[in-house]
Amino acid sequence: MDLKKVLTGATLAGHFIFAGIMFGWGSLQVIFEEEGILNDVCGEDHSCPNQKAKLNLIYTISSTIFMFGAFFSGIAIDNSVYWIAIDIYGPTIIASAGGICITLSMFLFGVAGNQDEGMYIIAGILAGAGSSLVYICGFSLGCLVGPEKVSIVMTSLNCLFDASACVFLLFYYLYEAGFSRRELFVGLAIFALILYASIAILWYIHEEELYEKYALADSEDADGGAGLGVGVAMEVEVDEVSKNNMLTVKNGQDNGDTLGVDTELELGVIEMTGVHTS
């Protein structure tokens, strides 16, 4: 079994389900309103604007944490918070941390009491942080798969991130079909735990290969300018050698000697390698 393909598939699955899950908050809020979550401020009413404001606050906190993580990672790859974390700790630990945050978040959303506002806020914070970690960590996959597959992998990661906003919409339909909030979120928490434990193990297996490819890419970038200069210099030198050899051939023909193309090429090789004949 090709474990690199398994890692790729697991990472794509994680992006689809968890990387942007909080951006489907609208569907989850409908579930919370129907269950009477945080409606203690509504008096006799089942739902009210104050309840909506509290629920919106949870989403605002969660999305802000996610966006700040993405913002810092986009300022400069070498200087952002999460890329520094990846460079220091590696994708194994970052994926593990993200998976733990997401697992705890989904579990808290499932077991928190209806009026336990603090628990929902903590769950939102963990969801934002965990989603941001797994989102950024997933892009390490682009270097691992190599240049021939990097385009399709990176495009898939971005598309699946957008698609993950549909997860809570699916939850809504399952909730309407008879599943409870606890069943949905605890089940998702268990799935997240298994998925990111597997991803962490697979990254641990491939981490050394990833660092080797990082080092190779850095060395190629560092040698890029010098390599270009050497290439131009060698081209000019070869051109000069060719001109000299063509002149030699022409003089030989004027003297009645016969020199073929092979001889001309041989002269070029001799002169370039520094071998001189009398």
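Residues numbered from 1 in each chain as written. Predicted model: local features only at pLDDT ≥ 70, side-chain atom pairs only at ≥ 80, totals over all residues. Heavy atoms only, no water.

Participant: What is the right way to look at the overall build of the protein chain in this model?
Facilitator: What the protein chain contains, in helices and strands, is 10 helices and 0 strands. Its helices and strands in sequence order give the protein chain the pattern α-α-α-α-α-α-α-α-α-α, from N to C terminus. Carbon and sulfur atoms provide 65% of the accessible area of the protein chain, an area that totals close to 14900 Å². (Helix = DSSP H or I, 4+ residues; strand = E, 2+ residues; numbered from the N terminus. Areas by Shrake-Rupley, 256 points an atom, 1.4 Å probe, with all protein chains shown as cover.)

Participant: How do you make sense of the packing of helix α1 (residues 3-19) against helix α7 (residues 150-163) when you look at a structure like this?
Facilitator: Angle between the axes and distance between the axes: these two values describe a pair of packed helices. Packing of α1 against α7 leaves a shortest axis separation of 6 Å and a crossing angle of 30 degrees. Judged by the inter-axis angle, α1 sits roughly parallel to α7. You can see that α1 and α7 cross each other, and the crossing is right-handed. Mapping the contact onto sequence places Thr 8, Thr 11, Leu 12, His 15, Phe 16 and Ala 19 in α1 and Val 153, Ser 156, Leu 157, Leu 160, Phe 161 and Ala 163 in α7. (Axes fitted to C-alpha atoms, helices over the stretch in contact; angles between N-to-C directions. Parallel < 35°, antiparallel > 145°, perpendicular 65-115°, else oblique. Left-handed = near helix turned anticlockwise from the far one by under 90°. Contact = heavy atoms within 4.5 Å.)

Participant: Explanation requested: the environment of Val 6 in the structure shown.
Facilitator: Within the fold, Val 6 resides in helix α1. For Val 6, a relative accessible area of 33% translates into the label partly exposed. With 192 residues separating them along the chain, Val 6 and Ser 198 place their C-alpha atoms 9.5 Å apart. (Buried < 20%, exposed > 50% of the residue type's maximum accessible area, 1.4 Å probe, protein only.)

Participant: Help me understand the state of the cysteines in this model?
Facilitator: Overall, the coordinates contain 1 disulfide when judged by the stated rule. One disulfide bridge connects Cys 42 with Cys 48, the sulfur atoms lying 2.0 Å from each other. Sign of the S-S torsion, about -75 degrees for the bond between Cys 42 and Cys 48, identifies this disulfide as left-handed. Each member of the pair, Cys 42 together with Cys 48, is buried. (Disulfide = S-S within 2.5 Å.)

Participant: Where do I start with the confidence of the model for the protein chain in this structure?
Facilitator: Taken residue by residue, the protein chain gives an average pLDDT of 77. The fraction at 70 or more is 70%. Looking across the protein chain, the model is least confident in helix α10 (residues 261-272), with a mean pLDDT of 41, and most confident in helix α8 (residues 167-176), with 95. Predicted confidence is poor over residues 225-253, with pLDDT under 50, and the contacts of this stretch with residues over four places away or in other chains come to 16 contacts. Confidence drops under a pLDDT of 50 for residues 256-278, and excluding neighbours within four residues, the segment shows 17 contacts in the predicted structure. (pLDDT = per-residue confidence, 0-100.)

Participant: Even after reading the chapter, I still don't get α7, so can you show me in this structure?
Facilitator: For an α-helix, 3.6 residues make a turn, and residues three or four places apart therefore share a direction. When the terminal C-alpha atoms of α7 are compared, their 20 Å separation across 14 residues agrees well with the 20 Å that a helix rising 1.5 Å per residue should span. Turning to α7, its buried residues number three or more, namely Val 153, Leu 157 and Phe 161. One side of α7 carries all its buried residues, which in axial view fall inside an arc of 70 degrees. Residues Ser 151, Ile 152 and Asp 162 are exposed on α7 and point more than 90 degrees away from its buried face. (Expected span 1.5 Å × (residues − 1). Arc of directions from axis to C-beta.)

Participant: It is not clear to me how a nonpolar patch on the surface should be interpreted in this structure. Could you clarify?
Facilitator: A cluster of nonpolar side chains, contributed by Leu 3, Val 6, Ile 201, Tyr 204 and Ile 205, occupies part of the molecular surface with about 480 Å² of accessible area. Mapped by element, the contributors of at least two residues to the nonpolar patch are α1 and α9 (181-254). Element by element, the count of residues in the nonpolar patch is highest for α9, at 3 residues. Within the fold, Ile 201 resides in helix α9. (Patch = residues over 30% accessible without salt bridge, like charges linked within 9 Å, V, L, I, M, F, W, Y side chains within 5 Å. Salt bridge = Lys/Arg side-chain N within 4 Å of Asp/Glu carboxyl O.)

Participant: Would you take a moment to explain the pattern of salt bridges for this structure?
Facilitator: Oppositely charged side chains can form a pair if their charged atoms are brought close together. Counting across every chain of the model gives 4 salt bridges. Its salt-bridge partner being Glu 33, residue Lys 52 comes within 3.0 Å of it at the nearest N-O pair. Taken together, the positions of Lys 52 in helix α3 (residues 49-75) and Glu 33 in helix α2 (residues 25-35) put the pair 19 residues apart, joining distant regions of the chain. Classification of Lys 52 by relative accessible area gives partly exposed; the value is 34%. Accessibility expressed as a relative area gives 15% for Glu 33, which makes it buried. Ionic pairing is found between Glu 117 and Lys 54, a salt bridge with its closest N-O pair at 3.4 Å. You can see Glu 117 sitting in helix α5 (residues 117-138) and its partner Lys 54 sitting in helix α3, a full 63 residues away along the chain. One continuous salt-bridge network, built from bridges that share partners, spans Asp 40, Lys 54 and Glu 117.

Participant: How should I be thinking about the packing of aromatic side chains in this particular structure?
Facilitator: What characterises a pair of aromatic rings is the spacing of the ring centres plus the angle enclosed by the ring planes. With the rule as written, the count across this model stands at 19 aromatic pairs. By way of ring pairs, the aromatic residues Trp 25, Phe 32, Tyr 59, Phe 109, Tyr 120, Phe 168, Phe 171 and Phe 185 are connected into one cluster. (Phe/Tyr/Trp six-rings, centres within 6.5 Å; stacked < 30°, edge-to-face > 60°.)

Participant: Explanation requested: unusual backbone geometry in the structure shown.
Facilitator: Backbone phi values are negative for most residues with the exception of glycine, while trans is the configuration of most peptide bonds. At Leu 38, a position not held by glycine, the phi torsion is positive, near 60 degrees. The exposure class of Leu 38 is buried, given its relative accessible area of 0%.

Participant: Any chance you could explain the nonpolar core here in plain terms?
Facilitator: A general tendency of soluble globular proteins is for nonpolar side chains to be buried together. The biggest cluster of nonpolar side chains holds 56 residues, and the ones touching the most others in it are Met 106, Phe 109 and Trp 203. Element by element, the count of residues in this core is highest for α9, at 11 residues. Not counting chain neighbours up to four residues away, the residues in contact with Trp 203 comprise Leu 7, Pro 91, Thr 92, Ala 95, Cys 137, Ser 140, Leu 141, Leu 144 and Leu 210. (Core = buried A, V, L, I, M, F, W, Y, C linked by side-chain atoms within 4.5 Å.)

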